[in-house]
Amino acid sequence: MAHTCRGTINLATAHIDTEDACNIVLSSGGRTYHLKASTEVERQRWVTALELAKAKAIRMMNDQSDDSGDDEPTSHKLDDLSTCNDLIAKHGAALQRSLSELEGLRVPVDGGEKIKAVNERATLFRITSNAMINACRDFLDLAESHSRRWQRALQYEREQRSHLEQTIEQLAKQHNSLERAWREAPVHAANTASAPATNTEGSGRRLKEEASDEDEDTEFFDAMEDSPAFITVTAPDGTQHRRSQSSLSGASGGQPNDWGQENHGSGSCPEAGGRELQQARRRRRSHITEKPNYSLNLPRAAGRGRRLRLCRRAAFSVSSYSTTVHRTAKPFNPLLGETYELDRTEELGYRSLCEQVSHHPPAAAHHVISQRGWTLWQEITIASKFRGKYLSIMPLGAIHLHFHSSGHHYVWRKVTSTVHNIIVGKLWIDQSGDIEIVNHKTKDVCQLKFSPYSYFSRDVPRKVTGVVAQSDGQAHYILSGTWDDKIESAKIVQSSRRGSSTEGKQKTVYQTLPAKLLWKKYPLPENAEHMYFFSALALTLNEEGEGVAATDSRLRPDQRLMEEGRWDEANAEKQRLEEKQRAVRRRREAEATDALDEGKEFEGYQPLWFHQRRDSITGETNFVYKGGYWEAKERQDWSMYDNISVFDVSRLPLRRDPCDLLLDSIDAQLSRLQQDK
């Protein structure tokens, strides 16, 4: 093979062995894999398939070898084998004719002569066969000697390749160090002549750049986007200095009271609006991303200006990505009909409900209602593209946030998430693309730009910039920061157009007031690296809840077994649940086909708490909450499930085994006997 994926072994040199009736052991090059089949018959099928694959791999390796110096002796031996084969065929045919003539004899005298001829033919055939055997033995010895020589040559080539890869890696590290030194030289000179505030800003930027280069296994890509379309400068007031580039928002970096003042002036809102709370709980089991627990002042920003509130909506949307930088593990696959509720009415005044409404394609519907006068809803589904070294995940569907008293209705969509080093290397995640947040009442718009990471860019990694403008395009606020750390806003006091001699196009120059902090990421708990990098909020969301529906994720058995450290049982339970879900889906597809053949209408799977409706703003058809869940919970009336949990089979009952029916009958008779007594 020209290259190998993570976790692969070379079957050509692998050793295949069996431990017991169901276990298989594969070992090669110091790596050992233990495989377990469900039955002995399945194990034998796997062993046979592996042996055939091993033989094929050996043939392919032999075909790819190109050692011209050994072709001549090998070809001679092949010619000898061919000659012996011709002789065996010739003498064998003659022997067959003699035997046929012997059978047709009737005269005893002639019979003796023919028998003598047959003996001579048999002797010649025996001599030729011995020669054939000896030639085959010589060929085998020669092939074994060549095989050992080829193995030594192959090992040498592998060592040379490994040495070359190490040399290239060392050169890349040296180039990286030189690049950082070149970047820091002009910045250091400029900071020496600048004010202390600028030094603090520059040093913070250099520290972040160095932190971004610490990962030796990271693979970098060039940014596809152009340079920023605007430049920001801070209005001079005796304490502030001019700033170039909108991402340098360090005016509030040394003012720890800015965050407290924002909270004091506007109050606090639900922790991540409820949507991210519910999603944090499911991070290990579904495609729903976790959103952190931040006070973004969603409901009570009245009196601070509608465009400042739009800035807070933008910071709220960016904060949802702050925990994804460390989240590279594959989550659990949610089951069709699985739900998750989060009731924070007493603490924060909101309730959140999510339900898996589709299995193929996977989709989840989410709804949050707050007593403080706002509602959030969305349908979560994705499209993905595998591009060799990385996987692009494009979220579909819009997110709606509606405030009841003011009538402000905000709509936005998510950016593309890219998982790099899918095949080889350490996984890392990047966010890139544009977000447009629109207030459909006032027509105010916030344009956010997530810059893709680039090795050659001087900007800070994971940079986010944005502009808040009214309907006619007049800008009022500049947003800047990073999606994994913080977002700041600065009010625009003046704007102008400036030509660019290097790029041949004009840029807008915004003069702003000092930046203020809108959002900053909470630090992760201690030892977070041993807890899937969960936030303090996410760690609490797996706790069991009282009175939840039978389909709630807290009751999922494979998850509970995993939390208890019973890995084998958790894996077996996960396979059981997913296989039953596939069986139900196949049965529904068969029923749909039968209904179509009979000319009848077939109603597919219908979620319990959500139904499809066309959105009046986006014009899209998506799932929205139809009500009834929280009322059913208060009454503890889950009769709509028919006492069947989604984790057992489905809301549609499967055909039961006759033994189960017999046991049910016996249990019913015992119950009647006890009642009679």
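Please read all numbers here as calculations on a predicted model, not as lab measurements.

K.L.:
Explain the overall build of the chain to me, using residue names and the numbers behind them.
P.N.:
Assigned secondary structure in the chain consists of 12 helices and 21 strands. Looking at the chain as a whole, 39% of its 677 residues qualify as buried. Long-range contacts, defined here as pairs at least 24 residues apart, represent 58% of the contacts in the chain between residues at least 6 apart. By element, 52% of the accessible surface of the chain is carried by carbon and sulfur atoms, the whole surface being about 38200 Å².

K.L.:
A description of the nonpolar core should follow, citing residues and the corresponding values.
P.N.:
Side chains of nonpolar character tend, in soluble globular proteins, to be buried together. Core analysis: the biggest nonpolar cluster contains 37 residues, and I437, L448 and F450 have the highest contact counts within it. At 7 residues, helix 7 (residues 306–319) tops the list of elements feeding residues into this core. Not counting residues within four places of it along the chain, the set of residues in contact with F450 comprises V318, Y321, V415, Q431, S432, G433, I435, K463, V464 and W483. Listed in part, the 15 residues of the second largest apolar core include V357, A365, A549 and W609.

K.L.:
Lay out the pattern of salt bridges with the relevant residues and their values.
P.N.:
For the structure on display, the rule yields 25 salt bridges. Between R560 and E563 there is a salt bridge, with its nearest N and O atoms 2.6 Å apart. Pair noted here: R560 and E563 are both in helix 9 (residues 557–563), with a separation of 3 residues, about one helical turn. Under the relative-accessibility criterion, R560 is labelled buried at 17%. Salt-bridge contacts for E579 lead to R586; the nearest nitrogen and oxygen are separated by 3.3 Å. Residue R586 is classed as partly exposed on the basis of its relative accessible area, which comes to 45%. What you see here is one network of salt bridges that share partners, running through K574, E578, E579, R582 and R586.

K.L.:
If you had to explain the environment of T465 to someone new, which residues and values would you point to?
P.N.:
Within the secondary structure layout, T465 lies in strand 15 (residues 463–469). Under the relative-accessibility criterion, T465 is labelled buried at 7%. It is 5.5 Å that separates the C-alpha atoms of T465 and L479, two residues lying 14 residues apart in sequence.

K.L.:
Now, about the sheet that holds strand 1 (residues 15–18): what can you tell me, with residues and values included?
P.N.:
Across the sheet, 3 strands lie side by side as 1-2-3; this open sheet has antiparallel pairing. With partners counted over all chains shown, the strands left at the sheet margins are strand 1 and strand 3 (31–36), one partner each. Strand-to-strand, the axes of this sheet are offset by a mean angle of 20 degrees, without reference to chain direction. Direction of pairing for strand 2 (residues 23–28) relative to strand 3: antiparallel, over a ladder of 6 bridges. In the strand pairing of strand 3, S27 is matched with T32.

K.L.:
Describe in detail the packing of aromatic side chains, supporting the description with residues and values.
P.N.:
In the structure shown here, the tally under the stated rule is 12 aromatic pairs. Where Y455 meets F456, the ring centres are 5.0 Å apart and the plane angle is 85 degrees; that geometry is what we call edge-to-face. Plain terms: the ring middles of Y532 and F534 are 5.8 Å apart, the flat faces sit at 40 degrees to each other, and that makes the pair tilted. The exposure class assigned to F534 is buried, which follows from its relative accessible area of 4%. Here a set of aromatic residues connected by ring pairs shows up, and it is made of W609, Y629, W630 and W638. For R313, the ring lying beneath its charged end belongs to Y410, and the centroid distance is 5.5 Å. One cation-aromatic arrangement involves R462 over W483; the distance from NZ or CZ to the ring centre is 5.8 Å.

K.L.:
Outline unusual backbone geometry, supporting the account with residue identities and numerical values.
P.N.:
Omega for the bond connecting H360 with P361 falls within 30 degrees of zero, at 0 degrees, which places this linkage in the cis form. Along the chain, P361 falls in the loop between strand 6 (350–358) and strand 7 (363–370). Positive phi outside glycine occurs at N527, with the angle close to 60 degrees. Tracing the backbone shows N527 in the loop between strand 19 (516–520) and helix 8 (536–540). Positive phi is not limited to glycine here, since F533 has a value of about 60 degrees. Of note, F533 is situated in the loop between strand 19 and helix 8. Judged by relative accessible area, which is 25%, F533 ranks as partly exposed.

K.L.:
With reference to specific residues and values, describe helix 10 (residues 567–597).
P.N.:
Between the first and last C-alpha of helix 10 there are 45 Å, a value that for 31 residues agrees with the 45 Å anticipated at 1.5 Å per step. Those residues of helix 10 lying buried are A570, E573, L577, E578, Q581, V584, R588 and A595. In the core, the buried residues of helix 10 are packed alongside helix 9. Count one or two residues on from helix 10 and you reach G599, which has phi positive near 75 degrees.

K.L.:
With reference to specific residues and values, describe the confidence of the model for the chain.
P.N.:
Scored by pLDDT, the chain comes out at a mean of 75, with 70% of its residues at no less than 70. The secondary-structure element of the chain with the lowest mean pLDDT is helix 5 (residues 257–266), recorded at 31, while strand 14 (residues 445–450) shows the highest, at 96. Counting interchain partners and residues more than four positions distant, the pLDDT-below-50 stretch residues 187–227 has 64 contacts. Contacts for the low-pLDDT stretch residues 238–297, under 50 throughout, to residues beyond four places or in other chains number 216 contacts.

K.L.:
I'd like a description of the side chain of R43, backed by residues and values.
P.N.:
By secondary structure assignment, the location of R43 is in helix 1 (residues 40–64). Given the relative accessible area of 10%, R43 is considered buried. When residues no more than four places from it in sequence are discounted, the contact partners of R43 are T18, D20, A21, C22, N23, I24 and A37.

K.L.:
Can you lay out the pairing of strand 10 (residues 399–403) for me, pointing to particular residues and giving the numbers?
P.N.:
For strand 10, the tally of buried residues reaches 4 of 5 residues, placing the bulk of the element in the interior. Here strand 8 (residues 374–386) runs beside strand 10; their pairing, made up of 5 bridges, is antiparallel. Across the sheet, W374 pairs through a bridge with F403, a residue of strand 10. Note that strand 10 and strand 11 (residues 409–412) share 4 bridges and pair antiparallel. What sits directly across from H402, in strand 11, is H409. If you look at the hairpin formed by strand 10 and strand 11, you'll find 5 residues sitting between the two strands, and G407 has a positive phi there, around 80 degrees.

K.L.:
How would you explain the state of the cysteines if you had to name every residue and give the values?
P.N.:
Across all of its chains, the model carries 0 disulfides by this definition. The closest cysteine sulfur to the non-disulfide-bonded C311 is located on C446, 6.5 Å from its own sulfur.

K.L.:
Explain the pairing of strand 11 to me, using residue names and the numbers behind them.
P.N.:
Burial along strand 11 is two-sided: the face carrying H409 and V411 and the face carrying Y410 and W412 are both buried. Pairing between strand 11 and strand 13 (residues 428–439): 2 bridges, direction antiparallel. From the neighbouring strand, V411 faces strand 13, where its bridge partner is V438.

Rules used in this analysis
In this convention, every chain numbers its residues from 1, walking through the sequence in written order. Predicted model: local features are reported for residues with pLDDT of at least 70 only, side-chain atom pairs are reported and counted for 80 or more only, and whole-chain, interface and lining totals are derived from all residues. As a rule here, side-chain values come from all non-hydrogen atoms in the structure, and water together with hydrogens is ignored. Per the convention used, a helix needs a DSSP run of H or I reaching at least four residues, while a strand needs a run of E reaching at least two, with both numbered from the N terminus. Remark: exposure states derive from per-residue accessible area (1.4 Å probe, protein chains only) relative to the maximum for the residue type, with buried under 20%, exposed over 50%, and partly exposed in between. In what follows, residue pairs with any heavy atoms lying within 4.5 Å of each other are defined as contacts. Calculation of accessible area relied on Shrake-Rupley with a 1.4 Å probe; when residues are assessed, cover is drawn exclusively from the protein chains displayed. Buried Ala, Val, Leu, Ile, Met, Phe, Trp, Tyr and Cys residues that are joined via side-chain atoms within 4.5 Å together make up what is termed a nonpolar core. The rule for a salt bridge is simple: a side-chain nitrogen of Lys or Arg has to be within 4 Å of a carboxyl oxygen of Asp or Glu. We treat two strands as partners when DSSP finds at least two bridges between them. In this analysis an axis means a line fitted to C-alpha atoms, helices contributing only their contacting stretch, and an angle means the value between N-to-C directions, from 0 to 180 degrees. Centre distance within 6.5 Å is the pairing criterion for rings of Phe, Tyr and Trp, where only the six-membered ring of Trp is used; planes under 30 degrees apart are then read as stacked, over 60 as edge-to-face, and the remainder as tilted. Here, a charge over a ring is recorded when the distance from Lys NZ or Arg CZ to the ring centre is within 6 Å and its angle to the ring normal is within 35 degrees. Working rule for helices: expected span equals 1.5 Å times residues minus one. Predictor confidence is given residue by residue as pLDDT, running from a minimum of 0 to a maximum of 100. A pair of cysteine sulfur atoms is labelled a disulfide when the two atoms are within 2.5 Å.

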